[in-house]
Amino acid sequence: MSEAAFCPRCGDPAPEGATGHTRRERALCNDCYFEDFELVDHPDRVEVTVCAHCGAIQRDDRWEDVGARDYTDIAVESVSEALGVHVDAEDVSWGVDPEQVDPTTIRMHCQFSGVVRGEPLVEEFTVPVKIGKQTCQRCGRIAGDYYASVVQVRAVGDRTPTSEETERAREIAEVITEEMEATGDRNAFVTDVSEKPEGLDLKLSDTKIGKNVSRKLTEEFGGAYDSSETLVTEDEDGNEVYRVTFAIRLPEFVPGDVIDLEDDDAGPVLVRSVQGNLKGVRVTTGEPYEAGYEVGDAPDARKLGRVEDAAETTLVAVEDENAVQVLDPETYESVTVARPSYLDTERETVPVLKSRAGLHVLPS
Ligand SMILES: [Zn+2]
Ligand SMILES: [Zn+2]
C-alpha cells in the first residue's frame, strides 16, 4: 500500500480519487478535508465609494461608470465580485438578497450550495456593504468649470462667423465629447460655450477636443487655425499644466458671396466653395474660376454682395452672344449687361445683383 492511501493528518485510510487543490489535500480523508473547508471565500464587509453626482464607482485610483440604477445594484455587483467559490465545488448555485438597512448600508444575504467530494453542501452568510459618497474627478471638474483648451471661432476680414459655422462648431464639440465618453474617456466634456461679438468661444475639458474641433471646422468651412499654450498652474505632482488656445480664422469669403478680385479684370466671381482654395463662377461669362494654390481661400478681393441681395428683373432682349438687356431693378431703365453662359434666354425674369461693379446676372 502506498503512502498516499492514508490520510497524512489522522492516519485513516483516504478515499480513492478524492478532490483537492494540492496533493496533500487530495490525500486527506473527508473528515480532515471538510474540517477547514469553506465553500465560499468572502470578505467580512465590502466598502464601495460612489460619486454622489453621477453614480460612478471608484475602483483603485479610477472612477468607472457602471450604469447602475441604484446603490442596491452596486452592492450586488461589488459583493459578487468579492466572492470566491472553492474550485473543488461542482453544481454550484447561488443567490443574493439585498436588505437596505439605511441609505448607505445594505446587508447582502448570500446563499450558496454545491457538491464537494460527492457531499451536498450549503453555506449561508451575510456581507454588509457600506456605500461611501464622494465626488469623482469629472464631476469635480465640471462643478469647478475646469477647462484645458479654448477654441476661438473667428473669421478673417470684416465678417463674423455665420450662425451655420458657429452652430456646427458647437455640434462638432458635442459629437467629439460623446465619442470620447463612449470609449470610456471620463474627462471629456464641454465646459462652456459663449457667444462673442466677434464669434464663438468654446471651453473644453481636453486639448484633444479643441484640436479636433479646429481641424474638422476648417475642413468643412475652409480657413486655418493655430494653437498656443499658456502655463496655468502646476498639478499635485508638480507637473506644469498648460492650457491650449486654438484660434480659428474662417475664410473672409463664404459660398454665396459675389466678390471683385484685385488685379483682375475678368469680372466678379460668385463664390461656390472655400474648401482648400476658393472656387466659383465668373458672373460676366459663366466661366469657372479657381484661385491658385498660393492664394488658397484668401484672394485679394472686395465683397460686392450676396446671392440673397439679387433682385428678380425683366429680361428685355438678347443682344448677342455676350450681351443681354435687362431692366435696372432700381431705375427700371433698360441696360445692356454681360451675358453669362448659365443665363437661360427663355426666361422672362432673371436675378441681378446691383453693386459698385455694376449690374450682373446671377445663376437662377
Ligand atoms: Zn484524516
Ligand atoms: Zn461623478
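**What to know about the coordination of the zinc ion (ligand 1)**
Taken together, Cys7 (SG), Cys10 (SG), Cys29 (SG) and Cys32 (SG) make up the protein donors of the zinc ion (ligand 1), found 2.3 to 2.4 Å from the metal. One way to put it: the four donor atoms around the zinc ion (ligand 1) meet at angles of 104 to 117°, and that makes the site tetrahedral. Donor residues for the zinc ion (ligand 1), ordered by position in the chain, follow C-x2-C-x18-C-x2-C. Of this pair, Cys10 sits in the segment before helix H1 (23-27) while Cys32 sits in helix H2 (residues 30-35), and the two are 22 residues apart along the sequence. Classification of Cys10 as partly exposed rests on a relative accessible area of 39%. Assessed through its relative accessible area of 8%, Cys32 is described here as buried.

**So, the coordination of the zinc ion (ligand 2)**
Six octahedrally arranged donors around a metal ideally form angles of 90 or 180 degrees; four tetrahedrally arranged donors ideally form angles of 109.5 degrees. The coordination sphere of the zinc ion (ligand 2), as far as protein atoms go, consists of Cys51 (SG), Cys54 (SG), Cys136 (SG) and Cys139 (SG), spread over 2.2 to 2.3 Å. Bound by four donor atoms, the zinc ion (ligand 2) shows angles of 106 to 113° at the metal and therefore tetrahedral coordination geometry. Counting along the primary sequence, the residues that act as donors to the zinc ion (ligand 2) give the motif C-x2-C-x81-C-x2-C.

**Digging into a nonpolar patch on the surface**
A cluster of nonpolar residues, Val85, Val92 and Trp94, forms a patch on the protein surface that exposes about 260 Å² of accessible area. One can find Val85 in strand E5 (residues 84-85).

**Describing helix H3 (residues 71-82)**
In this model H3 runs 16 Å from its N-terminal to its C-terminal C-alpha over twelve residues, within 8% of the 16 Å that 1.5 Å per residue would give. When H3 is considered as a whole, its buried residues turn out to be Thr72, Ile74, Ala75, Ser78 and Val79. What you see down the axis of H3 is that its buried residues fit within an arc of 155°, all on one side. Buried-residue contacts for H3 involve strand E2 (46-51), strand E3 (57-59), strand E6 (90-102), strand E7 (105-116) and strand E8 (119-134).

**Comments concerning the environment of Asp206**
Positionally, Asp206 belongs in the loop between strand E11 (199-204) and helix H6 (207-221). Residue classification places Asp206 among the buried positions, given a relative accessible area of 15%. On a C-alpha basis, the gap between Asp206 and Leu270 in space is 39 Å, while along the polypeptide they are 64 residues apart. Excluding anything up to four places from it in sequence, Asp206 contacts Ala148, Ser149, Met180, Asp185 and Asn187. Of note is the side chain of Asp206, whose polar atom sits 2.8 Å from the backbone nitrogen of Lys208.

**Quick word on the packing of aromatic side chains**
Overall, the coordinates contain six aromatic pairs when judged by the stated rule. Judged by centre distance (5.3 Å) and plane angle (80°), the ring pair of Tyr33 and Phe34 falls under edge-to-face. For Phe34, a relative accessible area of 21% gives the class partly exposed. Tyr33 sits in the buried class, given a relative accessible area of 5%. One aromatic cluster in this structure is built from Tyr33, Phe34 and Phe37. Here the guanidinium or amino end of Arg141 rests over the ring plane of Tyr146, the centre of that ring lying 4.1 Å away. Above the face of the Tyr147 ring, Arg243 is positioned so that its terminal group lies 3.8 Å from the ring centre.

**Remarks on the side chain of Glu123**
By the element assignment, Glu123 lies in strand E8. As a buried residue without a salt bridge, Glu123 has its nearest oppositely charged side chain in Arg117, at a separation of 15 Å. Polar side-chain contacts of Glu123 include one of 2.8 Å to the backbone nitrogen of Leu39. In this structure, Glu123 is in contact with Glu38, Leu39, Val40, His42, Cys110, Gln111 and Phe112, ignoring residues within four places of it in sequence.

**A word on the environment of Gly132**
Within the secondary structure, Gly132 sits in strand E8. For the pair Gly132 and Cys51, spaced 81 residues apart in sequence, the C-alpha separation works out to 8.5 Å. Setting aside its immediate chain neighbours within four residues, Gly132 contacts Val48, Thr49 and Val50.

**What about H6?**
Residues lying three or four places apart along an α-helix face the same way, a consequence of the helix completing one turn every 3.6 residues. Spanning 15 residues, H6 covers 21 Å between terminal C-alpha atoms, matching the ideal 21 Å at 1.5 Å per step. When H6 is considered as a whole, its buried residues turn out to be Ile209, Gly210, Val213, Ser214, Leu217, Thr218 and Phe221. End-on view of H6: buried residues confined to an arc of 150°, all on one side of the axis. Buried residues along H6 sit in contact with strand E9 (149-155), helix H5 (163-182), E11, strand E12 (224-234) and strand E13 (240-250). Where H6 begins, one side-chain oxygen reaches toward the backbone nitrogen of Lys208, 2.8 Å away; that side chain belongs to Asp206.

Analysis parameters
- Residues numbered from 1 in each chain as written.
- Chains lettered and ligands numbered in written order.
- Predicted model: local features only at pLDDT ≥ 70, side-chain atom pairs only at ≥ 80, totals over all residues.
- Heavy atoms only, no water.
- Donors = N, O, S within 2.8 Å, 3.2 Å for Na, K, Ca; no water.
- Tetrahedral: all angles 85-135°; square planar, octahedral: opposite > 155°, others 65-115°.
- Helix = DSSP H or I, 4+ residues; strand = E, 2+ residues; numbered from the N terminus.
- Buried < 20%, exposed > 50% of the residue type's maximum accessible area, 1.4 Å probe, protein only.
- Patch = residues over 30% accessible without salt bridge, like charges linked within 9 Å, V, L, I, M, F, W, Y side chains within 5 Å.
- Areas by Shrake-Rupley, 256 points an atom, 1.4 Å probe, with all protein chains shown as cover.
- Salt bridge = Lys/Arg side-chain N within 4 Å of Asp/Glu carboxyl O.
- Expected span 1.5 Å × (residues − 1).
- Arc of directions from axis to C-beta.
- Contact = heavy atoms within 4.5 Å.
- Polar contact = N/O pair within 3.5 Å; in protein donor to acceptor, adjacent residues only side chain to side chain.
- Phe/Tyr/Trp six-rings, centres within 6.5 Å; stacked < 30°, edge-to-face > 60°.
- Lys NZ or Arg CZ within 6 Å of the ring centre and 35° of its normal.
- Lys, Arg positive; Asp, Glu negative; His and termini not counted.

The analysis is restricted to geometry; functional conclusions fall outside its scope.
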